[in-house]
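# Observations on chain architecture
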Amino acid sequence: MRRFSAAYLSRTRAGMWADSIAALSDLDLPNRRRILDVGCGTGELTQVLAAASQSENTNAAPARVVGLDADRSLLDVAQSETDLEYAQGDATALPFADDAFDLVVCQALLINLPKPAAALEEFARVSSDLVATIEPNNAHVGVDSTVEAEQRLEQTARDAFVRGVNTDVSIGDAVPSLFDSIGLQEISTARYHHEKRTEPPYSSAELSDAAAKASGSGLDDHATELRRGLDTETAPTSYDELRSQWREMGRSIVEQMQDSSYRRVEVVPFDVTVGRVPSDT
Ligand SMILES: C[S@@+](CC[C@H](N)C(=O)[O-])C[C@H]1O[C@@H](n2cnc3c(N)ncnc32)[C@H](O)[C@@H]1O
């Protein structure tokens, strides 16, 4: 299982869904009573689900919202931040009874699973009504930066990661047919663009991000996949060469931050797919 640090998850999810939850409208959150967020990590989406599912009828009991992840250390961080319910478990063998929830959802989980269909079948088993996935489309990330090399080097790293990873990180387009293949009905899709802006005054997370680029440690988190994608005869550059250019880029970012001239915009498209469990299963 690919592991993620709590710092990476909170940095990449910061501000996500804060601008608009319109793309989540088919999850019908205000009418959900029992929601499971699978592969919840540090629980950023779990909190969004909990807030959006609180009934407009204040007399109704709040929805039960549970976050599940395989990684205990991430759940500990999630639990320390809210009083929501968290459970440890495997997405392909969920520790819940059939129909225990009326919505089972995941965000950025399928792209990390060798057999995403096996997880979706489990989602359909434990949901009495809706199944939803929110997956980033890594092939279409856009970056604009005042450091000229950043756009090019990030594209090289992303392409190498896609080649070197052993799961389907471009699964987005295939999700509706996966839903269809396991018998989900009324399948709908929507797209959310998660825009992350870096501009002065820089937050401490943005300063640490720049320092991680300058030291190469950010790239090293994905060294296995990047080496697999780059250390081949046909690759445009080697991992070591990319890392050296990456560190130089990081130093330019740190310099621009020192005179407040650094600006960066990244847009990550996320595809939201929703399907309904047929009533006779
Ligand atoms: C990219 S992170 C996404 C976290 C969170 N959903 C978010 O969007 O911030 C993927 C998460 O899936 C978890 N994960 C990976 N394989 C899993 C599995 N088989 N069962 C449960 N969780 C898993 C990882 O521990 C990690 O927290």
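To keep things clear, this report deals only with the structure shown in the data block.

What counts as what
Residues numbered from 1 in each chain as written. Predicted model: local features only at pLDDT ≥ 70, side-chain atom pairs only at ≥ 80, totals over all residues. Heavy atoms only, no water. Phe/Tyr/Trp six-rings, centres within 6.5 Å; stacked < 30°, edge-to-face > 60°. Helix = DSSP H or I, 4+ residues; strand = E, 2+ residues; numbered from the N terminus. Buried < 20%, exposed > 50% of the residue type's maximum accessible area, 1.4 Å probe, protein only. Salt bridge = Lys/Arg side-chain N within 4 Å of Asp/Glu carboxyl O. Near = heavy atom within 4 Å. Polar contact = N/O pair within 3.5 Å; in protein donor to acceptor, adjacent residues only side chain to side chain. Areas by Shrake-Rupley, 256 points an atom, 1.4 Å probe, with all protein chains shown as cover. Arc of directions from axis to C-beta. Axes fitted to C-alpha atoms, helices over the stretch in contact; angles between N-to-C directions. Parallel < 35°, antiparallel > 145°, perpendicular 65-115°, else oblique. Contact = heavy atoms within 4.5 Å. Nonpolar A, V, L, I, M, F, W, Y, C, P; charged D, E, K, R; others polar.

## Focus: the packing of aromatic side chains
Summed over the entire model, instances satisfying the criterion amount to 4 aromatic pairs. Measuring from ring centre to ring centre gives 4.0 Å for Trp-17 and Tyr-192, while their planes differ by 20 degrees; the resulting arrangement is stacked. Of this pair, Trp-17 sits in the loop between helix H1 (6-13) and strand E1 (34-38) while Tyr-192 is found in strand E7 (residues 185-198), placing the two residues 175 residues apart along the sequence. Assessed through its relative accessible area of 5%, Trp-17 is described here as buried. Judged by its relative accessible area of 5%, Tyr-192 is buried. Look at Phe-96 and Phe-101: their rings are 5.0 Å apart centre to centre, the planes differ by 90 degrees, and that puts the pair in the edge-to-face class. Taken individually, Phe-96 and Phe-101 each receive the classification buried, so the pair is uniform in this respect.

## Notes on the pattern of salt bridges
A full pass over the atoms with the stated rule returns 20 salt bridges. Where Glu-154 meets Arg-264, a salt bridge forms, and the shortest distance between an N and an O atom there is 2.7 Å. Of the two residues, Glu-154 is situated in helix H5 (residues 148-164) and Arg-264 in strand E8 (residues 264-276); the sequence distance between them amounts to 110 residues. The partner of Glu-266 in a salt bridge is Arg-264, and the shortest N-O contact between them spans 2.7 Å. Like Glu-266, the residue Arg-264 is buried in the burial classification.

## Digging into the site of the ligand
Around the ligand sit 19 residues in total, of which Arg-13, Gly-39, Asp-69, Ala-91 and Gln-107 are the nearest. In this structure, Asp-69 approaches the ligand through a side-chain N or O atom, which is 2.7 Å from an oxygen atom. A distance of 3.0 Å separates a nitrogen atom of the ligand from a polar atom in the side chain of Asp-90. Relative to its free-state accessible area of 600 Å², the ligand is covered by the protein chains to the extent of 96%.

## Re the side chain of Asn-112
Within the secondary structure layout, Asn-112 lies in the loop between strand E4 (101-107) and helix H4 (116-126). One polar contact links the side chain of Asn-112 to the main-chain carbonyl oxygen of Ala-108, over a distance of 2.8 Å.

## Some details on helix H3 (residues 72-81)
Within the span of H3, buried status applies to Leu-74, Leu-75 and Ala-78. Buried residues of H3, seen end-on, are gathered within an arc of 100 degrees and therefore sit on one face of the element.

## Quick word on unusual backbone geometry
Cis geometry marks the peptide bond from Pro-200 to Pro-201; its omega dihedral reads -5 degrees. On the secondary structure map, Pro-201 appears in the loop between E7 and helix H7 (204-215). Phi is positive for Asp-28, which is not a glycine, with a value near 50 degrees. Checked against the element boundaries, Asp-28 lands in the loop between H1 and E1. Although it is not a glycine, Asp-99 sits at a positive phi angle of roughly 60 degrees. Relative to the helices and strands, Asp-99 resides in the loop between strand E3 (85-88) and E4. The class for Asp-99 is partly exposed, based on a relative accessible area of 36%.

## Digging into the packing of helix H9 (residues 223-230) against helix H10 (residues 239-258)
It is the contact of H9 with H10, at a shortest axis distance of 9 Å, that shows an interaxial angle of 120 degrees. By the criterion of interaxial angle, the relationship of H9 to H10 is oblique. Facing H9, whose interface residues are Ala-223, Leu-226, Arg-227 and Leu-230, H10 presents Tyr-239, Asp-240 and Leu-242. Residues belonging to the contact of H9 with H10 are distributed by class as follows: 5 nonpolar, no polar and 2 charged.

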